[in-house]
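Coordinate inspection notes
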Amino acid sequence: MRLSQAFQPTLKEVPAEAQIMSHRLMLRAGLIRQTASGIYTWLPAGLRVLRNIAQIVREEQDGVGAQEVLMPTLQSAELWKRSGRYDAYGPEMLRIQDRQKRELLYGPTNEEVVTDLFGSTVKSYRELPKTLYHIQWKFRDEIRPRFGVMRGREFYMKDAYSFDASYEGAVSSYYRMMLSYLRIFRRLGIKAVPTAADTGPIGGDLSHEFQVLAPTGESEVFYDSRWDEIDWDKEDLDGNRPEDLKKLQDLVSTTYSATDEKHDTAAWEQVPQERQASGRGIEVGHIFYFGTKYTEAMGVEVSGADGAAFHPHMGSYGVGVSRLVGAIIEASHDDNGIIWPESIAPYRAAILNLRSGDDTCDALCERFYQCAPDDILYDDRSERAGVKFNDADLLGHPWQIIIGPRGAKNGMVELKERATGERFELSVDEALKKLGLA
RNA sequence: CGGGGCGUGGCGCAGCCUGGUAGCGCGCUUGUUUUGGGUACAAGAGGCCCCCGGUUCGAGUCCGGGCGCCCCGACCA
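Basis of the calculations
- Residues numbered from 1 in each chain as written.
- Chains lettered and ligands numbered in written order.
- Predicted model: local features only at pLDDT ≥ 70, side-chain atom pairs only at ≥ 80, totals over all residues.
- Heavy atoms only, no water.
- UniProt positions renumbered as here; feature names shortened; annotations may be inferred.
- Helix = DSSP H or I, 4+ residues; strand = E, 2+ residues; numbered from the N terminus.
- Rg over C-alpha atoms; globule rule 2.2 N^0.38 Å.
- Buried < 20%, exposed > 50% of the residue type's maximum accessible area, 1.4 Å probe, protein only.
- Contact = heavy atoms within 4.5 Å.
- Areas by Shrake-Rupley, 256 points an atom, 1.4 Å probe, with all protein chains shown as cover.
- Lys, Arg positive; Asp, Glu negative; His and termini not counted.
- Charge placed at Lys NZ, Arg CZ, Asp CG, Glu CD.
- Pairing = 2+ DSSP bridges.
- Axes fitted to C-alpha atoms, helices over the stretch in contact; angles between N-to-C directions.
- Expected span 1.5 Å × (residues − 1).
- Near = heavy atom within 4 Å.
- Polar contact = N/O pair within 3.5 Å; in protein donor to acceptor, adjacent residues only side chain to side chain.
- Salt bridge = Lys/Arg side-chain N within 4 Å of Asp/Glu carboxyl O.
- Domains from an automatic or database assignment.
- Buried area = accessible area lost by both parts, 1.4 Å probe.

In the nomenclature of an unreviewed UniProt entry, chain A is known as Proline--tRNA ligase of Saccharibacter floricola DSM 15669. Note on chain A: under the UniProt heading Sequence similarities (unreviewed entry), the record states "Belongs to the class-II aminoacyl-tRNA synthetase family. ProS type 2 subfamily." Checking UniProt for chain A, the heading Catalytic activity (unreviewed entry) contains the comment "tRNA(Pro) + L-proline + ATP = L-prolyl-tRNA(Pro) + AMP + diphosphate".

Listed below in structure tokens is the structure:
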């Protein structure tokens, strides 16, 4: 994309409403604009990030056998009356009427819709297990939206729902999802630690939150530093092998992690001193098993091997995709702006033409730009060098390709790595090679 | 929902107490200048002062009502 053509408004001054860093940076970098309290328009660069995150989530969900569907944002109140939640759910559920005075709601979650879908389709235990997910906008009418996209009212979320014939099967589905989540966060380039969470009325130990470690997190997280060390991509765990899931389960139960409210000092002291780590956490995912709560309430049954009908066991698994954008920025920025992990950056690199209009500079910039016009943001504006440096740092592209008259006449360019600030004086060919464009 | 604050060109703010010509910085436009970390000068454009009502000769300013937004607290992916 050529910046001169792009809808990419950056701001020098921060709008007064933004308090925390990620929110300020998102507004300044032109990723989002607020439309109403807790409701945002995603501008092109922000949307690219959102999509990149969603794509990684999608690939890793597919990778453990979950299947993608797309359920609606508007749901019939009828369904929620069947589950009993229409009355149980508080005022954070947005209720609407259509012209026929039918009651609708803007979905805050999708257990009802998916359970109904499943129940009307699956009739035999032979078809189990099944896990369905979708990535869709949700709405929760938060009492007090804040922190920009981190606690908006409208948010983009991946939610998955598993159906199993038995408790044991459901536990497998649960840990299969956990594996998928650990891989997702790894690929997103962030440290995320699963912490045991309250399971509500169901009980048991089958609920975990995933905390992204960032200084501004809302809760204190204590964890065994082994969580940092395990590379879930390389770890040879197959979500389809029960023994591998058992291995993960053992690992989780023996590797300490907890938020402050569930912190267990006695267990903590068992963790070797050198592995005791702590930090602030932002909750970006939550998984839990809730058994037959909805299948029972909504009368969903399938036939078992013995011919008798039973209620499948369910679990649900959320990832706050839009929240992750904010959380990742909280975890990865400096005074000059955002530092995107390569996997989700809106553009892999920016080309900074330090003298637009100069034939040598222009030609050299074009040469780089044409290698990957979709992945590169080419700053071809007739702005001062300083403006371009500042905007590029603010936008946080992993790489800056700096092309000015000084080096250009000798066929040299400068690469700057945003994360480290490291600069490389390279020939054109070397630079192309280093960026993987050659 | 309880407590607090704010609404004035695109953004950040002053003006309101004590009513009388709507201001500043940034951004924007044009020209000159500058050219490796937000350049300088000059000339411009741009405002139902959130909305409705009231008081007054006269309201951005005072009074009443409404709407919107933000912050602190209890709640949440």
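Some thoughts on the overall build of chain A
Each helix and strand counted, chain A has 15 helices and 23 strands in total. Relative to a compact globule of 438 residues, whose C-alpha radius of gyration would be 22 Å, chain A shows 24 Å and is just as compact. Put simply, chain A has 438 residues, and 53% of those count as buried. Long-range contacts, defined here as pairs at least 24 residues apart, represent 70% of the contacts in chain A between residues at least 6 apart. Within the structure as shown, chain A displays about 19,800 Å² of accessible surface, and the carbon and sulfur contribution to it stands at 47%. Computed over 53 positive and 67 negative side-chain charges, the inter-centroid distance for chain A is 4 Å.

Notes on unusual backbone geometry
Cis geometry is adopted by the peptide bond preceding Pro129, which originates at Leu128 and carries an omega value of -5°. Mapped onto the elements of the fold, Pro129 is located in the loop between α5 (111–119) and β7 (130–139). Positive phi outside glycine occurs at Lys101, with the angle close to 70°. On the secondary structure map, Lys101 appears in the loop between β5 (94–97) and β6 (103–106).

With respect to the sheet that holds strand β19 (residues 349–353)
The five strands are arranged β20-β19-β21-β22-β23 in an open sheet whose pairing can be described as mixed. Lying at the two open borders of the sheet, with one neighbouring strand each, are β20 (376–379) and β23 (423–427). Pairwise comparison of adjacent strand axes, ignoring direction, gives a mean angle of 20° for this sheet. The pairing of strand β21 (residues 399–403) with strand β22 (residues 412–417) spans four bridges and is classified as antiparallel. Bridging from a neighbouring strand, Gln400 pairs with Lys416 of β22.

A closer look at helix α6 (residues 167–187)
Between its first and last C-alpha atoms α6 spans 30 Å; for 21 residues at 1.5 Å apiece the expected length is 30 Å, and the two agree. The element α6 is extensively covered by neighbouring structure, given that 16 of its 21 residues are classed as buried.

A few points about the protein's contact with RNA strand B
The immediate surroundings of RNA strand B are formed by 45 residues, with Arg144, Glu283, Asp393, Glu414 and Arg423 found nearest. Considering the 4 Å shell around the protein, atoms of RNA strand B inside it are sugar or phosphate in 46% of instances. One nitrogen or oxygen atom from the main chain of Glu17 is found 3.4 Å from a sugar or linking oxygen belonging to RNA strand B. Between RNA strand B and Gly152 there is a distance of 2.9 Å, counted from a base nitrogen to a backbone nitrogen or oxygen. At the level of secondary structure, the elements contributing two or more residues to the surface near RNA strand B comprise β1 (32–36), β13 (276–291), α13 (385–395), α14 (405–408) and β22.

Examining the pairing of β6
For strand β4 (residues 74–76) and β6, the ladder comprises three bridges, and the chain directions are antiparallel. Bridged to Leu74 within β6 is Tyr106. The antiparallel hairpin formed by β5 and β6 contains five residues in its connecting segment, where Lys101 sits at a positive phi of about 70°.

A word on the pattern of salt bridges
Think of it this way: side chains of opposite charge can pair up when their charged atoms draw near. Within the structure shown, the criterion is met by 28 salt bridges. Notably, a salt bridge pairs Arg187 with Glu60, separated by 3.0 Å at the nearest N-O pair. Remark: Glu60 occurs in helix α2 (residues 44–63) and Arg187 occurs in helix α6; sequence separation between them is 127 residues. On the accessibility criterion, Arg187 (28% relative accessible area) is partly exposed. Within the structure, one salt-bridge network assembled from shared partners comprises Asp238, Arg241, Glu243 and Asp244.

Quick notes on the domain arrangement of chain A
By the assigned domains, chain A splits into domain 1 (21–337) and domain 2 (347–434). Once you take the C-alpha centre of each, domain 1 and domain 2 turn out to be 39 Å apart. Across the boundary between the two partners, domain 1 contributes eight residues, which contact seven residues of domain 2. Counting each side, the surface lost to burial between domain 1 and domain 2 is near 680 Å², with a carbon and sulfur contribution of 53%. Among the residues of domain 1 in contact with domain 2, Ala29, Arg48 and Asn336 are the three that bury the most area, contributing 60% of the side total. Taken together, domain 1 and domain 2 are joined by one salt bridge. With its nearest N and O atoms 2.8 Å apart, the salt bridge here joins Asp334 to Arg418. The tally of links from domain 1 across to domain 2 stands at three residue pairs in polar contact (both at pLDDT 80 or more). Those elements giving two or more residues to the side of domain 1 that touches domain 2 turn out to be α1 (21–28) and α2.

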